[in-house]
Amino acid sequence: MTSWDRFTDAFFNARVMEKYLPDILAGMVLTIELAAAVIASGLLAGLVLALLRALGIRPLNWLIVFVVDLFRSLPPLVVIVLIYFGLPSAGFSPSAFVSTWMSLALVLMAFAEEIFWAGIVSTPKGQWEAARSTGLGFGQTLLHVILPQALRLTIAPLTNRTIAITKGTALGTVVALHEILGMASSAMSNSYNPSPLMMGAAAYLVLFLPVVVAARWVETRFSWKR
Amino acid sequence: MRLMPPIVSAKAIHKHFGPLHVLKGVDLDVAERELVFVIGPSGSGKSTLLRCLNRLEAPSSGSIVVDGIDMLSSKTDINHARQRIGMVFQSFNLYPHMTALGNVTLALRKVVGKSRAEAEVLGRAALERVGLADRAGHRPAELSGGQQQRVAIARAIALEPRVMLFDEPTSALDPELVGSVLAVMRGLRESGMTMIVVSHEMGFARAAADRVVFMDDGLIVEQGPPAQIFESPTHGRTRAFIGQIQRH
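What counts and how
Residues numbered from 1 in each chain as written. Chains lettered and ligands numbered in written order. Predicted model: local features only at pLDDT ≥ 70, side-chain atom pairs only at ≥ 80, totals over all residues. Heavy atoms only, no water. Helix = DSSP H or I, 4+ residues; strand = E, 2+ residues; numbered from the N terminus. Rg over C-alpha atoms; globule rule 2.2 N^0.38 Å. Contact = heavy atoms within 4.5 Å. Areas by Shrake-Rupley, 256 points an atom, 1.4 Å probe, with all protein chains shown as cover. Lys, Arg positive; Asp, Glu negative; His and termini not counted. Charge placed at Lys NZ, Arg CZ, Asp CG, Glu CD. Buried < 20%, exposed > 50% of the residue type's maximum accessible area, 1.4 Å probe, protein only. Pairing = 2+ DSSP bridges. Axes fitted to C-alpha atoms, helices over the stretch in contact; angles between N-to-C directions. Parallel < 35°, antiparallel > 145°, perpendicular 65-115°, else oblique. Left-handed = near helix turned anticlockwise from the far one by under 90°. Buried area = accessible area lost by both parts, 1.4 Å probe. Salt bridge = Lys/Arg side-chain N within 4 Å of Asp/Glu carboxyl O. Polar contact = N/O pair within 3.5 Å; in protein donor to acceptor, adjacent residues only side chain to side chain. Expected span 1.5 Å × (residues − 1). Bend = angle between axes of the 7 residues up to and from the residue.

*Asks:* Teacher, can you tell me more about the overall build of chain A here?
*Replies:* Of regular secondary structure, chain A possesses nine helices and zero strands. Taken from the N to the C terminus, the helices and strands of chain A come in the order α-α-α-α-α-α-α-α-α. What you see for chain A is a C-alpha radius of gyration of 22 Å, clearly larger than the 17 Å of a compact globule of 226 residues, by over 25%. Across chain A, contacts joining residues at least 24 apart in sequence account for 77% of those joining residues at least 6 apart. Roughly 11,500 Å² of accessible area belongs to chain A as shown, and the carbon and sulfur atoms make up 71% of that amount. Treating the 15 positive side-chain charges of chain A as one cloud and the 11 negative ones as another, the clouds have centres 13 Å apart.

Take a look at the structure:
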């Protein structure tokens, strides 16, 4: 056996790959579901918090800033472990899926809030004044004038952060979530062969590369001359 | 002399920004169809006064009545009141993500409640009045500064305001573009619009203004017909200011 054969036998073992392909595919489906749930709820919650913050109610803003800073400081892994192992003692036992989803959504919410907020405050004050001077209300101005401009400013940082946090679905392995990495590492233990890990890596590429490319397209599509 | 009550009546307006006392008791009445020019050194409070009239700034004390509406009463629907007071800004403040027509029709649709089709008819008419009917589909970034400011004027007049406020409308423009904006303002003037203009376009003031108001240090120092203010001001501060700007 040459060293090349030994390498392919270890990392690209066709027999092992074939055997564990269904597991990896199942992991992919779970990862997609989890990622979709995290992105939808995290971005929505972040946007809602940013809009609430725009109302300018002091105590509410302190609370928002506290929550946001908390979840921006905590490593997502710590949040997952706290929710999965900590919440049951408070009488609520979320599943591995729910724990991972809640954790990543909270972290994405925190970062998204900051990004949306930055977009809202960096929209020139004159835009508010022009809109309000024509009789538009606060909410109408926010919705029709400020947000469309803020969202365009936020697309690049937001897609980056969303991708980074969504890849954190792999952290679900610590609470035995059967997503891609979980499936791949248990397959590796069972087969005494690291080929499933390579399949896992390929699965992440298949999932996230199109997202990265799509994000790039969206960024160019929505940039406009000022 | 005036038979009609003033359409804009500001009394004893004070405005503090923290420790700064920017307006120190300003009274200003403006009659219907009158064009009042407000001049004065920077920091004299003229822009702040203008912005108090439609409550973009809330005065610290005083009273403001525009077209019979008490602008400072908490019972006043301020969004409704602001429809009657058009405002044009130094930096245009067009919505960059919308076309010229989109800029002009937004408030017609969302505030007045017109359908999109109705709003577009009115919006095109307003653009026509500022000579930009052919630019309806252009974004602000595709227009010159003078065109942008004329779209901003169209955005305000589309709502058929009773009063128009101009806050240094030509200060951000290249000199060769100033004329087109002043021409639109002259047209508005001829149509009988009541206008309050903060500007240093002295030629326009002489030709079109009914009254020139000179402000300094948060107070109206002197006011009168343009010829009187420019040729024979009675106050030393007015004289010094007029002398300074005419040297340029």
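Next comes the rest of the write-up.
*Asks:* Can you help me understand the overall build of chain B in this one?
*Replies:* Secondary structure assignment for chain B yields nine helices and ten strands. Against the compact-globule benchmark of 18 Å for 248 residues, chain B has a radius of gyration of 18 Å, which places it among compact chains. Dimensions along the principal axes, computed over C-alpha positions, put chain B at roughly 55 × 45 × 40 Å. Expressed as a percentage of the 248 residues in chain B, the buried residues total 54%. Partitioning the intrachain contacts of chain B with sequence separation of at least 6 by distance along the chain shows that 66% fall at a separation of at least 24.

*Asks:* It is not clear to me how the sheet that holds strand 9 (residues 211-216) of chain B should be interpreted in this structure. Could you clarify?
*Replies:* Sheet strands line up and pair through hydrogen bonds in the backbone, either parallel or antiparallel. Residues and elements named next belong to chain B. Taking strand neighbours across the sheet as the criterion, the six strands line up as 6-7-8-3-9-10 in an open arrangement whose pairing is mixed. Where the open sheet ends on each side, the last strands, each with one partner, are strand 6 (85-88) and strand 10 (219-224). Neighbour-to-neighbour, the strand axes of the sheet open up by a mean angle of 20°, direction not taken into account. Strand direction decides the pairing type here: strand 6 and strand 7 (residues 163-167), joined by four bridges, are parallel. From the neighbouring strand, isoleucine 85 faces strand 7, where its bridge partner is valine 163. The strands that helix 5 (residues 145-157) touches are strand 6 and strand 7; relative to strand 6, the one it contacts most, it runs at about 170°.

*Asks:* Would you mind going over the packing of helix 5 (residues 96-122) of chain A against helix 7 (residues 138-166) of chain A with me for this structure?
*Replies:* Any two packed helices are characterised by the angle at which their axes cross and by the distance between the axes. All names here are of chain A. The contact between helix 5 and helix 7 brings their axes to 8 Å, and the two run at 150°. As the angle between them shows, helix 5 and helix 7 are arranged roughly antiparallel. Here helix 5 runs over helix 7; the crossing is right-handed. Residues Leu104, Val107, Leu108, Phe111, Ala112, Ile115, Phe116, Gly119, Ile120 and Ser122 of helix 5 lie in contact with helix 7, whose contacting residues are Ile146, Leu147, Ala150, Leu151, Leu153, Thr154, Pro157, Leu158, Arg161, Thr162 and Ile165.

*Asks:* What am I meant to see in the interface of chain B and chain A here?
*Replies:* Interface size is often expressed as the accessible area that is lost when the parts come together. Counting from both sides, the interface comprises 23 residues of chain B and, opposite them, 21 residues of chain A. At the boundary of chain B with chain A, total buried surface from both sides reaches about 1,900 Å², with 59% on carbon and sulfur atoms. Contact with chain A buries surface across chain B, with B:Tyr95, B:Pro96 and B:His97 losing the most and accounting together for 27% of the total. Taken together, chain B and chain A are joined by one salt bridge. The shortest N-O distance in the salt bridge between B:Arg51 and A:Glu129 comes to 2.6 Å.

*Asks:* Mind showing me how you'd approach the pairing of strand 8 (residues 194-198) of chain B here?
*Replies:* Consecutive residues of a regular strand have side chains that alternate between opposite faces of the sheet. Residues and elements named next belong to chain B. Counting buried positions along strand 8 gives five out of five residues, so the element sits mostly inside the fold. Burial along strand 8 is two-sided: the residues Thr194, Ile196 and Val198 and Met195 and Val197 are all buried. Relative to strand 8, strand 3 (residues 35-39) runs parallel, the two being bridged by four bridges. For phenylalanine 37, the partnering residue across the bridge sits in strand 8 and is valine 197.

*Asks:* Would you explain the side chain of B:Arg155 in this entry?
*Replies:* Checked against the element boundaries, B:Arg155 lands in helix 5. Buried charged residue B:Arg155 carries no salt bridge. Nearest counter-charge: A:Glu129, at 9.7 Å. One polar contact links the side chain of B:Arg155 to the main-chain carbonyl oxygen of B:Asn93, over a distance of 3.0 Å. Non-local contacts of B:Arg155, meaning those with residues more than four positions away in its chain, are made with A:Ala130, A:Thr134, B:Phe92, B:Asn93, B:Leu94, B:Tyr95, B:Asn103 and B:Val104.

*Asks:* Help me understand helix 7 of chain A in this model?
*Replies:* The periodicity of an α-helix, 3.6 residues per turn, causes residues three or four positions apart to be oriented the same way. Here helix 7 of chain A spans only 33 Å end to end across 29 residues, well under the 42 Å set by a 1.5 Å rise per residue. By the largest-angle criterion, A:Ile155 marks the main kink of helix 7 of chain A, which is about 50°, and a proline, A:Pro157, follows within four residues.

*Asks:* Teacher, can you tell me more about the pattern of salt bridges here?
*Replies:* Pairs can form between side chains of opposite charge whenever their charged atoms are close. Residue and element names in this part refer to chain B. Applying the stated rule across the entire model yields 16 salt bridges over all chains. Measuring nitrogen to oxygen at the nearest pair gives 3.5 Å for the salt bridge that ties lysine 11 to aspartate 29. Of the two residues, lysine 11 sits in strand 1 (residues 8-17) while aspartate 29 sits in strand 2 (residues 20-30), which places them 18 residues apart along the sequence. With relative accessibility at 25%, the residue aspartate 29 sits in the partly exposed group.

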